[in-house]
Amino acid sequence: MIRQMLAVDGVMAVCSFKDDGTFVEGYGVMGDDQLHALSHFAHDYKRIVQGNADQMSMFTGCNGFTPPTGWIVRGSGMTVCSVANTVCIVDNQEGNLDEVLKELKEAAHF
Amino acid sequence: MALAAELINQPGVIAAGEYSYRGDRFSYKGEMNDDMAKMAAIMCRATTMSEHMQVNMLESFCPNCGSTPPQGWIVRGPGFTVCNLGNVFAFVKNDTGTLNGLMKLMRERIGIVDSSLV
Amino acid sequence: MADLDQLMNLAGAEAAFTMSSRGELKESKIVDGSRINKTALDLLAHMCIANMSIATMQARGWETQSDAQGFYPIEGFTLVGMDWSAVTNGRVGVILNNNVADYEAANAALAAAGGAA
């Protein structure tokens with residue numbers, strides 16, 4: 001199912017991983033090592049974002065931050081997006097983040 | 001918990017505690033109420049998780065350079081410092097100048113932190 | 001400008017460096033034969049700045065929720081690695097061998113070198 005993400009404009013690679021960080025599958029214009037590294041990074045980053053969202057919620061007393069649905073890190077040329085246990089890399093010139101996130105939510109929860 | 005009790009008796013330490021890496025338990029001693037101690041444990045755990053990820057990335061740029069497994073971190077504010085080794089934390093007053101002694105004691109009691117537990 | 005030579009005089013100093021507010025490595029000195037290289041130092045600098053930002057958020061939240069003051073603004077972050085510790089204060093940092101690391105002396109030297117003050 002996540003392989004279909006590659007049909008979305010701008011998506012260069014997509015991976016999924018288990019809750020314990022184990023790599024499940026990955027596709028795209030990257031080598032296996034890089035796909036594993038992307039999945040590892042996304043798993044770590046997910047835990048960090050969860051930790052920060054917990055703190056935001058704790059300090060502000062506002063609902064709605066937790067649990068975080070996902071995260072986006074935008075670089076000058078590429079953007080990394082993740083929802084649940086799925087992560088993809090998007091070319092900023094080619095992709096539309098709204099579309100990518102919509103598809104990513106579906107793929108992640110399939 | 002025994003270590004927290006020992007740490008709280010060190011000069012300048014106002015609170016000390018321990019949290020589980022899973023985030024489901026914590027214990028503490030010192031000048032804090034339960035809510036603040038829970039907050040401290042959540043903050044320390046989040047920073048420790050983050051540190052482990054960052055140091056793993058650092059290791060890939062500098063293999064076997066002595067960074068991994070990360071043992072802990074220290075954050076210094078103008079009046080207080082927070083020390084964390086493994087899953088144990090202590091809040092200490094800066095003006096007592098006992099950071100070195102505290103770090104030494106924590107190292108002795110905790111030993112080498114095992115990254116696989118995080 | 002920070003006096004990195006002064007920081008390299010600290011017991012067990014392996015490296016000393018300054019960084020920009022974004023964490024980019026500016027000046028650095030590394031002791032001959034060290035396992036630490038400039039690439040690692042640059043990443044380390046980014047890491048310390050990132051953690052100071054997180055700690056600043058935590059200190060702000062903590063002081064808002066309690067009567068406790070004295071945490072904000074964050075002055076420095078130290079990574080205690082397996083063999084060495086990277087002690088930073090503001091935009092200046094030093095890496096010390098854990099066996100002889102004197103954190104108090106490092107903080108004083110970093111503050112004197114420009115640190116957060």
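Preceding this section is the structure that the text describes.
Residues numbered from 1 in each chain as written. Chains lettered and ligands numbered in written order. Predicted model: local features only at pLDDT ≥ 70, side-chain atom pairs only at ≥ 80, totals over all residues. Heavy atoms only, no water.

Participant: Would you explain the packing of helix α1 (residues 32-60) of chain A against helix α2 (residues 38-65) of chain C in this entry?
Facilitator: Packed helices, taken two at a time, are described by the angle between their axes plus the distance between the axes. Running from amino to carboxyl end, α1 of chain A crosses α2 of chain C at an angle of 25°, the nearest separation of the two axes being 10 Å. The orientation of α1 of chain A with respect to α2 of chain C, classified from their angle, is roughly parallel. Between α1 of chain A and α2 of chain C lies a crossing whose hand is left-handed. Within the contact between the two elements, α1 of chain A uses Asn 52, Gln 55, Met 58 and Phe 59 of chain A and α2 of chain C uses Ile 54, Met 57, Gln 58, Gly 61, Trp 62 and Gln 65 of chain C. (Axes fitted to C-alpha atoms, helices over the stretch in contact; angles between N-to-C directions. Helix = DSSP H or I, 4+ residues; strand = E, 2+ residues; numbered from the N terminus. Parallel < 35°, antiparallel > 145°, perpendicular 65-115°, else oblique. Left-handed = near helix turned anticlockwise from the far one by under 90°. Contact = heavy atoms within 4.5 Å.)

Participant: Which parts of the structure should I look at to understand the packing of aromatic side chains?
Facilitator: Ring pairs (aromatic) are described by centroid distance and by the angle formed between their planes. Tallied over the entire structure, the rule returns eleven aromatic pairs over all chains. Taking the centre distance of 6.3 Å and the plane angle of 90° together, the rings of Tyr 19 of chain B and Tyr 21 of chain B count as edge-to-face. In this pair, the class of Tyr 19 of chain B matches that of Tyr 21 of chain B, namely buried. Ring geometry for Trp 62 of chain C and Phe 71 of chain C: centres 6.1 Å apart, planes at 75°, overall edge-to-face. Pair check on accessibility: Trp 62 of chain C and Phe 71 of chain C agree, each one buried. Ring-pair connections join several aromatic residues into one group, and the members of that group are Tyr 19, Tyr 21, Phe 80, Phe 89 and Phe 91 of chain B together with Trp 62 and Phe 71 of chain C. (Phe/Tyr/Trp six-rings, centres within 6.5 Å; stacked < 30°, edge-to-face > 60°. Buried < 20%, exposed > 50% of the residue type's maximum accessible area, 1.4 Å probe, protein only.)

Participant: How should the sheet that holds strand β5 (residues 86-91) of chain A be read in this particular structure?
Facilitator: The pairing of strands in a sheet happens through backbone hydrogen bonds and is either parallel or antiparallel. All names here are of chain A. A sheet is described by the order of its strands in space; here five strands give the open sequence β2-β1-β5-β4-β3, paired in antiparallel fashion. Two strands lie at the open edges of the sheet, namely β2 (23-28) and β3 (70-74), each paired on one side alone. In this sheet, adjacent strand axes meet at a mean angle of 10° when their direction is disregarded. Bridge count between strand β1 (residues 11-17) and β2: five bridges; the pairing is antiparallel. Paired with Ala 13 across the two strands is Gly 28, which belongs to β2. Its contacts with the sheet place α1 against β1, β2, β3, β4 (78-83) and β5, and it is angled at close to 65° to β1. In the packing of helix α2 (residues 97-108) onto the sheet, contacts are made with β1, β3, β4 and β5, and the angle to β4 comes to roughly 35°. (Pairing = 2+ DSSP bridges.)

Participant: Any chance you could explain the state of the cysteines here in plain terms?
Facilitator: Put plainly, two cysteines are in a disulfide when a covalent bond ties their sulfur atoms together. Scanning all chains against the criterion turns up one disulfide over all chains. Across the disulfide, Cys 62 of chain B is cross-linked to Cys 65 of chain B (sulfur-sulfur distance 2.4 Å). What sets the handedness of the Cys 62 of chain B and Cys 65 of chain B disulfide is the S-S torsion sign, and at about 135° it is right-handed. Residue Cys 62 of chain B shares its accessibility class with Cys 65 of chain B, and that shared class is buried. Its sulfur unpaired, Cys 88 of chain A is 4.7 Å from the next cysteine sulfur, which belongs to Cys 81 of chain A. Its sulfur unpaired, Cys 83 of chain B is 9.8 Å from the next cysteine sulfur, which belongs to Cys 44 of chain B. (Disulfide = S-S within 2.5 Å.)

Participant: I tried to follow the interface of chain C and chain B on my own but got confused; where do I start?
Facilitator: Contact residues are listed per partner, giving 36 residues for chain C and 41 residues for chain B. Both sides of the chain C and chain B interface together cover about 3300 Å² of buried area, and 66% of this is carbon and sulfur. For chain C, the biggest contributors to the area lost against chain B are Trp 62, Met 82 and Glu 104 of chain C; these three give 21% of the whole. One can count one salt bridge joining chain C with chain B. Ionic pairing is found between Arg 76 of chain B and Glu 75 of chain C, a salt bridge with its closest N-O pair at 3.9 Å. The interface formed by chain C and chain B contains 19 residue pairs in polar contact (both at pLDDT 80 or more). (Buried area = accessible area lost by both parts, 1.4 Å probe. Salt bridge = Lys/Arg side-chain N within 4 Å of Asp/Glu carboxyl O. Polar contact = N/O pair within 3.5 Å; in protein donor to acceptor, adjacent residues only side chain to side chain.)

Participant: How should I be thinking about the interface of chain A and chain B in this particular structure?
Facilitator: Note on interface size: it is often stated as the accessible area lost on association of the parts. Taken together, the contacts link nine residues of chain A with nine residues of chain B. Around 850 Å² of area is buried between chain A and chain B when both sides are counted, 78% of it from carbon and sulfur atoms. The three residues of chain A that bury the most area against chain B are Arg 47, Ile 48 and Met 58 of chain A, which together make up 50% of that side's buried surface. There are zero salt bridges connecting chain A and chain B. Where chain A touches chain B, the interface holds zero residue pairs in polar contact (both at pLDDT 80 or more). A per-class count over the side of chain A that touches chain B returns five nonpolar, two polar and two charged. (Nonpolar A, V, L, I, M, F, W, Y, C, P; charged D, E, K, R; others polar.)

Participant: So what exactly am I meant to see when it comes to the sheet that holds strand β3 (residues 76-80) of chain C here?
Facilitator: Spatial strand order, β2(B)-β1(B)-β5(B)-β4(B)-β3(B)-β3(C)-β4(C)-β5(C)-β1(C)-β2(C): ten strands in an open sheet with antiparallel pairing. Edge strands, defined here as strands with exactly one partner in the open sheet, are β2 (26-30) of chain B together with β2 (25-30) of chain C. Each strand axis lies, on average, 15° off the axis of its neighbour in the sheet, ignoring direction. Pairing of strand β4 (residues 84-89) of chain C with strand β5 (residues 92-97) of chain C, which is carried by six bridges, proceeds in the antiparallel orientation. Among the inter-strand pairings, Val 87 of chain C is bridged to a residue of β5 of chain C, identified as Val 94 of chain C. Lying on the sheet, helix α3 (residues 103-112) of chain C is in contact with β3 (72-76) of chain B together with β3, β4 and β5 of chain C; it crosses β4 of chain C at an angle near 35°.

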